[in-house]
Amino acid sequence: PVVPTGVAELDRALGGGVVAGSVTLLGGEPGIGKSTLLLQLAASYSAQGRRVLYVSAEESAAQLRRRADRLELTLDDVWVQAETSLPAILDDVKRLEPELLLVDSIQTVSTPTVASVPGSVTQMRECAQALLDVAKQSSIATMLVGHVTKEGTLAGPRTLEHLVDTVVAFEGDRHQRLRFLRAVKHRFGPTGEPGVVEMTAQGLIAVPDPSGLFLADRHEGATGSAVVPILDGHRPLLVELQALIVESRAASPRRAAQGIDTNRVSLLLAMLERRCRLEVLGAEAYVSVVGGVRVTEPGADLAVALAVASSVTDQPLADDLIVCGEVGLSGELRQPTQLERRLDEAARLGFRRAVVPASVKGGSADIELLRAGTVDRAMH
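Bear in mind that the values here come from a model prediction, so they are computed numbers and not experimental data.

A. How the structure looks around the pairing of strand β12 (residues 225-232). The buried fraction of β12 amounts to eight of the eight residues, a majority that puts the element mostly inside the structure. The side-chain alternation of β12 yields two buried faces, one formed by S225, V227, P229 and L231 and the other by A226, V228, I230 and D232. With eight bridges joining them, β12 and strand β13 (residues 235-247) adopt antiparallel strand pairing. Bridge pairing in β13 links S225 to Q242.

Written out as structure tokens, the structure reads:
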């Protein structure tokens with residue numbers, strides 16, 4: 001059965017909660033909040049009258065207690081074991097019979113039966129397999145914390161991801177407030193549905209209206225800014241996309257993008273130069289998605305193009321306007337998926353007009369649709 005964790009956005013990412021006997025791998029950068037999330041999960045689970053074993057292989061029990069006190073968490077039925085030896089961990093699991101096992105982290109756990117250092121491929125695979133066997137045999141919901149590499153992928157072999165039932169990516173910039181929980185593999189439910197949390201002095205709190213938070217500090221009348229409704233999983237989000245085009249004296253002008261693929265930006269700049277007669281290829285171009293969001297879908301193409309055009313011409317887009325559409329190399333516009341859901345989210349936040357591809361059928365009672373067949377037409 002699926003058991004709600006009590007951490008709302010984690011439940012959203014997991015499709016309702018954790019499954020007894022399942023093994024989940026939680027990956028994230030150092031300082032992103034993995035240990036804080038595990039403590040809140042332990043407190044919420046124990047508040048339901050369920051026994052929790054928290055294996056802290058990186059911090060002492062005293063350190064965990066100080067963090068719990070700072071977050072004002074009650075850990076009534078949470079057993080903490082500051083241990084890195086796999087046999088000792090398995091002995092405690094057998095003795096305590098917990099309903100939830102938390103291991104922070106799998107890279108620091110080792111077994112004497114393997115003659116390699118902790119964190120090696122062999123050690124991690126053997127320890128993870130042993131914990132998985134126990135979880136299946138005793139129906140213990142288990143969560144393992146995994147570190148990530150500089151490239152943002154989980155450290156260790158790909159077989160570790162194939163071994164577990166669920167892989168949850170804990171994403172975001174550690175220097176910003178927002179964090180994203182996303183199941184990239186889930187044997188018991190859908191993947192891709194994001195949970196959005198905010199890091200505060202009281203720990204990680206759910207963000208029920210992320211779109212409103214993304215646009216809270218938006219400056220009206222700013223040039224180089226466009227609002228685009230994206231679809232993250234099944235969740236529509238409104239984000240601000242900014243562009244800055246400046247003159248360059250270098251032979252190879254700089255291109256920089258944050259939150260969006262740099263190659264996609266370069267492609268759109270070439271299209272704007274060729275199809276819309278905007279002189280941008282000889283200039284430096286900087287494109288950023290505000291709020292730490294990463295946009296991967298092509299539905300944001302038109303927002304990039306119009307934000308760049310706004311920066312070049314020094315003409316701001318209307319404050320009540322959103323833009324959404326995929327852009328082809330010939331400058332034609334194509335409609336994104338589930339446009340109606342995107343428009344509903346925009347209408348809820350007070351937007352009244354939307355630039356959309358000409359192929360969009362029907363209309364909207366709340367938003368006026370401004371149809372355009374090409375980027376050049378959308379700019380005018």
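Still to come is the rest of the account.
B. Fine view of the pattern of salt bridges. Counting across every chain of the model gives 20 salt bridges. A salt bridge links D69 to R65, with the nearest nitrogen and oxygen atoms 3.5 Å apart. Here D69 and its partner R65 are both found in helix α3 (residues 61-70), four residues apart, which amounts to about one turn of the helix. For D69, a relative accessible area of 47% gives the class partly exposed. Of the charged contacts in the structure, one is a salt bridge between R264 and D301, with a shortest N-O distance of 2.3 Å. Of this pair, R264 sits in helix α8 (residues 262-275) while D301 sits in helix α9 (residues 301-313), and the two are 37 residues apart along the sequence. Among the residues examined, R264 registers a relative accessible area of 25% and is labelled partly exposed. For D301, a relative accessible area of 3% puts it in the buried group. Connected through salt bridges with shared partners, the residues E9, R12, E193 and R235 form a single ionic network.

C. Up close: the pairing of strand β7 (residues 141-146). The element β7 is largely enclosed, with a buried count of six among its six residues. Side chains A141, M143 and V145 project from β7 onto one buried face, and the interleaved T142, L144 and G146 project onto a second face that is buried too. Looking at chain direction, strand β6 (residues 100-104) and β7 are connected through four bridges and run parallel. Its bridge partner lying in β7, L102 is registered against M143. Following the backbone out of β6, through helix α5 (residues 121-138) and into the adjacent parallel β7, one traces a crossover that is right-handed.

D. Main features of the packing of aromatic side chains. Within the structure shown, the criterion is met by one aromatic pair. Positioned above the aromatic ring of Y45 is the side chain of R50, whose terminal nitrogen or guanidinium carbon lies 5.8 Å from the ring centre.

E. Local environment of the side chain of K34. With respect to the helices and strands, the residue K34 is situated in helix α2 (residues 34-47). D104 provides the closest opposite charge to the buried, unpaired K34, separated from it by 6.5 Å. In this structure the side chain of K34 is engaged in a polar contact, spanning 3.0 Å, whose partner is the backbone oxygen of E29. The contacts of K34, once residues within four sequence positions are left out, are L26, G27, G28, E29, V145, G146 and F170.

F. How the structure looks around the nonpolar core. Ranked by size, the top nonpolar core spans 45 residues in total, and within it L272, L302 and V375 carry the most contacts. Breaking this core down by element, the ones donating at least two residues are β9 (178-186), β12, β13, α8, β15 (283-289), α9, β16 (321-323) and α11 (375-379). In contact with L272, not counting residues within four places along its chain, are R277, L278, V280, A305, V308, V375 and M379. Ranked by size, the runner-up nonpolar core spans 33 residues in total, among them L26, L39, Y45 and A141.

G. Just the sheet that holds strand β5 (residues 78-81), in detail. Read from one edge to the other, the open sheet built from nine strands follows the order β5-β4-β6-β7-β3-β8-β9-β10-β11, with strand pairing classed as mixed. On the outer flanks of this sheet lie β5 and β11 (203-206), each paired with one strand and no other. In this sheet, adjacent strand axes meet at a mean angle of 25° when their direction is disregarded. Note: strand β10 (residues 194-200) against β11, four bridges, orientation antiparallel. In the strand pairing of β11, V197 is matched with A206. Where α5 meets the sheet, it contacts β3 (23-28), β6 and β7, and its direction lies at approximately 160° from that of β7.

What counts as what
Residues numbered from 1 in each chain as written. Predicted model: local features only at pLDDT ≥ 70, side-chain atom pairs only at ≥ 80, totals over all residues. Heavy atoms only, no water. Buried < 20%, exposed > 50% of the residue type's maximum accessible area, 1.4 Å probe, protein only. Helix = DSSP H or I, 4+ residues; strand = E, 2+ residues; numbered from the N terminus. Pairing = 2+ DSSP bridges. Salt bridge = Lys/Arg side-chain N within 4 Å of Asp/Glu carboxyl O. Right-handed = clockwise from strand over helix to strand, strands pointing away. Phe/Tyr/Trp six-rings, centres within 6.5 Å; stacked < 30°, edge-to-face > 60°. Lys NZ or Arg CZ within 6 Å of the ring centre and 35° of its normal. Lys, Arg positive; Asp, Glu negative; His and termini not counted. Polar contact = N/O pair within 3.5 Å; in protein donor to acceptor, adjacent residues only side chain to side chain. Contact = heavy atoms within 4.5 Å. Core = buried A, V, L, I, M, F, W, Y, C linked by side-chain atoms within 4.5 Å. Axes fitted to C-alpha atoms, helices over the stretch in contact; angles between N-to-C directions.

Treat this as a map of the structure, not an account of what it does.
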